[in-house]
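In case you want the letters, here they are:
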Amino acid sequence: SIHSFPTRRSSDLMAPTKPLVAQQVDACFHIAGIPRSSTTMLTGEISPALRAEEWASKRVFFMTPQTLENDLRTGLADPKKIVLLVVDEAHRATGNYSYVKVIEFMRRFTKSFRILALTATPGSSVEAVQEVINGLEISRVEIRTEESIDIQQYVHQRNIDQVILDRKSTRLNSSHQY
């Protein structure tokens, strides 16, 4: 639980876009029950002075990785006080993307934090998935499918229309799956 974290420590929930950050905020308030008074949503549009105040007084931060990267580099955020990073859309953690830069920066100052990386689309090849694992320094992977017991209640029936086209004819084959 969020309340079991040490005093004066914080958790960061990062998503690559502002709409996804807003989705995280909504889920935490309405599903996880995190008290609003402990949280803040930080964006680059908020002044550095106000962001510094929020870093000093709040415990849960919703933000893009670019904002966190900037606040770490400018000293507004103390990497030693962050105990959990939640990374949404983790498949973006490749190359020089901000998720990778944030982890690299944090590791220079502390090893005492956890990363929870989430994605529905980890990659199309073993190499692509391994790049994400390396970029976020992931030590344990858990996979859920539509058949997983803890997921089944959230899966809805899908109707799939498959149409196979080739260059010569408009419609070669059509099949339906329900």
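Residues numbered from 1 in each chain as written. Predicted model: local features only at pLDDT ≥ 70, side-chain atom pairs only at ≥ 80, totals over all residues. Heavy atoms only, no water.

K.L.:
Can you lay out the pattern of salt bridges for me, pointing to particular residues and giving the numbers?
P.N.:
Scanning the entire structure with this criterion turns up seven salt bridges. A salt bridge links K18 to E45; its shortest N-O distance comes to 2.6 Å. Of this pair, K18 sits in helix α1 (residues 18–32) while E45 sits in the loop between β2 (39–41) and α2 (48–57); the two residues are 27 residues apart in sequence, bridging distant segments of the chain. On the basis of relative accessible area, K18 is assigned to the partly exposed category, the value being 42%. A relative accessible area of 67% means that E45 is categorised as exposed. (Salt bridge = Lys/Arg side-chain N within 4 Å of Asp/Glu carboxyl O. Helix = DSSP H or I, 4+ residues; strand = E, 2+ residues; numbered from the N terminus. Buried < 20%, exposed > 50% of the residue type's maximum accessible area, 1.4 Å probe, protein only.)

K.L.:
How would you summarise the sheet that holds β2 if you had to cite specific residues and measurements?
P.N.:
Strand-to-strand pairing in sheets goes through backbone hydrogen bonds, with the strands running parallel or antiparallel. Within the open sheet, the five strands sit side by side as β2-β3-β1-β4-β5. Their pairing is parallel. Bordering the open sheet on either side are β2 and β5 (114–117), each of which pairs with just one other strand. Going across the sheet, the axis of each strand differs from the next one's by a mean of 15 degrees, ignoring polarity. Two strands pair when backbone bridges link them, and β2 and strand β3 (residues 60–63) are joined in this way by three bridges, in the parallel orientation. The residue of β3 that forms the bridge with T39 is V60. Here α2 sits on the sheet in contact with β1 (10–14), β2, β3 and β4 (82–87), set at roughly 140 degrees to β3. Of the strands in this sheet, β1, β3 and β4 touch helix α3 (residues 65–73), which is tilted by about 120 degrees from β3. (Pairing = 2+ DSSP bridges. Axes fitted to C-alpha atoms, helices over the stretch in contact; angles between N-to-C directions. Contact = heavy atoms within 4.5 Å.)

K.L.:
Can you explain the pairing of β3? Please cite residues and give values.
P.N.:
On β3, burial covers both faces: V60 and F62 on one face and F61 and M63 on the other are all buried. Sheet topology places β1 next to β3; four bridges connect them, and they run parallel. If you follow D12 over to β3, its bridge partner there is F61. Running through α2, the crossover from β2 to the neighbouring parallel element β3 is right-handed. (Right-handed = clockwise from strand over helix to strand, strands pointing away.)

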